[in-house]
Amino acid sequence: MFIEWNKERHSIGIPTIDNQHRELFVITNQLHDLLDKDQYQEEAIKILKRLYAYTNYHFASEEGLLREYSYPGFSDHQNIHKTFTNKIKETLEGIRQKRNFSLAPLLDFLVEWILKHIQVEDVKYAAFFKESSIETDVNFSVSDQKRYDVLDQWEKQKLHLEIVGIDNQHKELIYILQQTNDLQHTSDSRRKIYLPIIIKKLFYYSQFHFSYEEEHMAKNGFPLLKEQQESHKTFIREILNFAEEYKKGIISLTDEIILFLKDWTINHILTEDKKYKVFLESDKEIQS
Ligand SMILES: [Fe+2]
Ligand SMILES: [Fe+2]
Ligand SMILES: [Fe+2]
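If you're wondering where the values come from, they're calculated on a predicted model, not measured in any experiment.

K.L.:
So, the overall build of the chain: which residues are in play, and what are the values?
P.N.:
Looking only at helices and strands, the chain features 10 helices and 0 strands. Taken from the N to the C terminus, the helices and strands of the chain come in the order α-α-α-α-α-α-α-α-α-α. In summary, the chain has a C-alpha radius of gyration of 20 Å against a globular reference of 19 Å for 288 residues, a match within 12%. Seen along its three principal axes, the alpha-carbon backbone of the chain occupies a region of about 55 × 45 × 40 Å. Counting across all 288 residues of the chain, residues that qualify as buried make up 24%. Counting contacts in the chain only where the partners sit at least 6 residues apart, residues at least 24 apart contribute 79% of the total.

K.L.:
Break down the nonpolar core for me, citing the residues and quoting the values.
P.N.:
Core analysis: the biggest nonpolar cluster contains 29 residues, and Tyr57, Leu202, Tyr204 and Tyr205 have the highest contact counts within it. Taken together, the elements giving at least two residues each to this core come down to helix H2 (15-33), helix H3 (41-68), helix H7 (164-182), helix H8 (188-219) and helix H9 (225-247). The two domains that each donate at least three residues to this core are domain 1 (7-131) and domain 2 (150-287). Sequence-distant contacts of Tyr57, that is, excluding residues within four places in its chain, are made with Lys201, Tyr204, Tyr205 and Phe208. Ile14, Ile17, Leu65 and Tyr71 belong to the second-largest nonpolar core, a separate cluster that totals 7 residues.

K.L.:
Pulling in residues and values, what's your account of the domain arrangement of the chain?
P.N.:
According to the domain assignment, the chain contains domain 1 (7-131) and domain 2 (150-287). One C-alpha centre belongs to domain 1, the other to domain 2, and the line joining them spans 22 Å. On the side of domain 2, 10 residues touch domain 1, which itself brings 11 residues to the contact. When grouped by side-chain class, the residues that make up the side of domain 1 that touches domain 2 number 4 nonpolar, 3 polar and 4 charged.

K.L.:
Outline the environment of Lys49, supporting the account with residue identities and numerical values.
P.N.:
Structurally, Lys49 is set in helix H3. Its 15 C-beta neighbours within 10 Å are what place Lys49 among the partly exposed residues. With 39 residues separating them in the primary sequence, Lys49 and Ile88 have C-alpha atoms 8.5 Å apart. When neighbours within four sequence positions are excluded, Lys49 is seen to be in contact with Leu92 and Ser211.

K.L.:
Talk me through the packing of H8 against H9; I want residue IDs and the actual numbers.
P.N.:
Two elements in contact, H8 and H9, have axes whose closest approach is 10 Å; the angle formed by their N-to-C orientations is 170 degrees. Taken together, the axes of H8 and H9 are roughly antiparallel relative to one another. On H9, the residues that touch Ile199, Leu202, Phe203, Ser206, Gln207, Phe210, Glu214, Met217 and Ala218 of H8 are Leu225, Gln228, Gln229, His232, Phe235, Ile236, Ile239, Phe242 and Ala243. Grouping the constituent residues of the contact of H8 with H9 by class yields 12 nonpolar, 5 polar and 1 charged.

K.L.:
Describe H9, naming the residues involved and giving the relevant values.
P.N.:
For H9, with 23 residues, the first-to-last C-alpha span of 33 Å sits near the 33 Å given by 1.5 Å per residue. Considered for burial, the residues of H9 that qualify are Gln228, Ile239 and Phe242. Within two residues after H9, Gly249 carries a phi angle of roughly 105 degrees, on the positive side.

Definitions and limits used
- Residues numbered from 1 in each chain as written.
- Chains lettered and ligands numbered in written order.
- Predicted model: local features only at pLDDT ≥ 70, side-chain atom pairs only at ≥ 80, totals over all residues.
- Helix = DSSP H or I, 4+ residues; strand = E, 2+ residues; numbered from the N terminus.
- Rg over C-alpha atoms; globule rule 2.2 N^0.38 Å.
- Buried ≥ 20, exposed ≤ 12 C-beta atoms within 10 Å, placed from the backbone.
- Contact = placed C-beta atoms within 7 Å.
- Core = buried A, V, L, I, M, F, W, Y, C linked by C-beta atoms within 7 Å.
- Domains from an automatic or database assignment.
- Nonpolar A, V, L, I, M, F, W, Y, C, P; charged D, E, K, R; others polar.
- Axes fitted to C-alpha atoms, helices over the stretch in contact; angles between N-to-C directions.
- Parallel < 35°, antiparallel > 145°, perpendicular 65-115°, else oblique.
- Expected span 1.5 Å × (residues − 1).

And the structure:
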């Protein structure tokens with residue numbers, strides 16, 4: 001393992017953020033594992049894309065939190081995030097254009113940046129929240145309406161596949177959808193602030209999740225992988241369309257979009273992803 005999580009050294013005392021930082025360690029380690037291979041360009045692109053998606057999601061989560069709880073260093077923190085995502089983007093473009101690329105220096109940069117950022121910048125906002133006795137919640141409610149209990153929905157709809165990694169990610173998706181839904185029931189001024197942040201979370205988190213899920217399926221030889229990829233693309237396209245309209249100045253999030261996102265996710269898990277669970281179970285029976 002290249003970078004190992006150490007509670008004493010790396011925890012900032014906010015469990016949801018700590019978990020996200022841990023995921024950054026996991027993806028960085030996956031990239032490091034490629035060093036043992038002779039040909040790693042293609043794999044590196046795949047993992048870097050995942051790192052890019054996850055980092056964007058993580059930064060949007062942090063920025064939402066800093067904004068919500070009025071952290072004074074908000075915009076500086078946001079700018080620091082931007083330099084990092086730009087660097088990953090440039091690297092990705094470089095590899096695609098087959099510019100000379102070597103993994104080792106990139107890994108050094110990633111580890112140094114991530115560790116320093118957590119230990120210097122992120123601890124600052126954590127200290128601020130602690131001093132101000134603020135109880136933080138990454139999935140804070142954007143509206144003051146009563147929210148439905150995500151975990152309750154989770155049980156009722158029987159969304160679990162009993163595949164731990166995928167289940168946790170689906171749960172996270174449901175949380176973000178809940179926040180998206182909250183946007184409908186809030187003031188215009190709050191919507192204006194949080195809509196870009198939450199859509200960014202949804203967009204990048206679903207990219208990260210789909211990449212993880214497709215890799216899981218490919219490894220296990222799931223015959224319906226192509227259908228999954230197509231289906232995932234539809235979802236991403238829909239969010240992109242919305243983001244485009246938003247850029248043009250149409251900031252309303254219509255009921256149809258919200259309904260589409262919610263329905264798509266629940267249906268997709270219950271029908272398409274469930275087929276994968278059934279496939280894995282039947283495969284086990286054959287083996288045993
Ligand atoms: Fe940060
Ligand atoms: Fe899924
Ligand atoms: Fe899926």
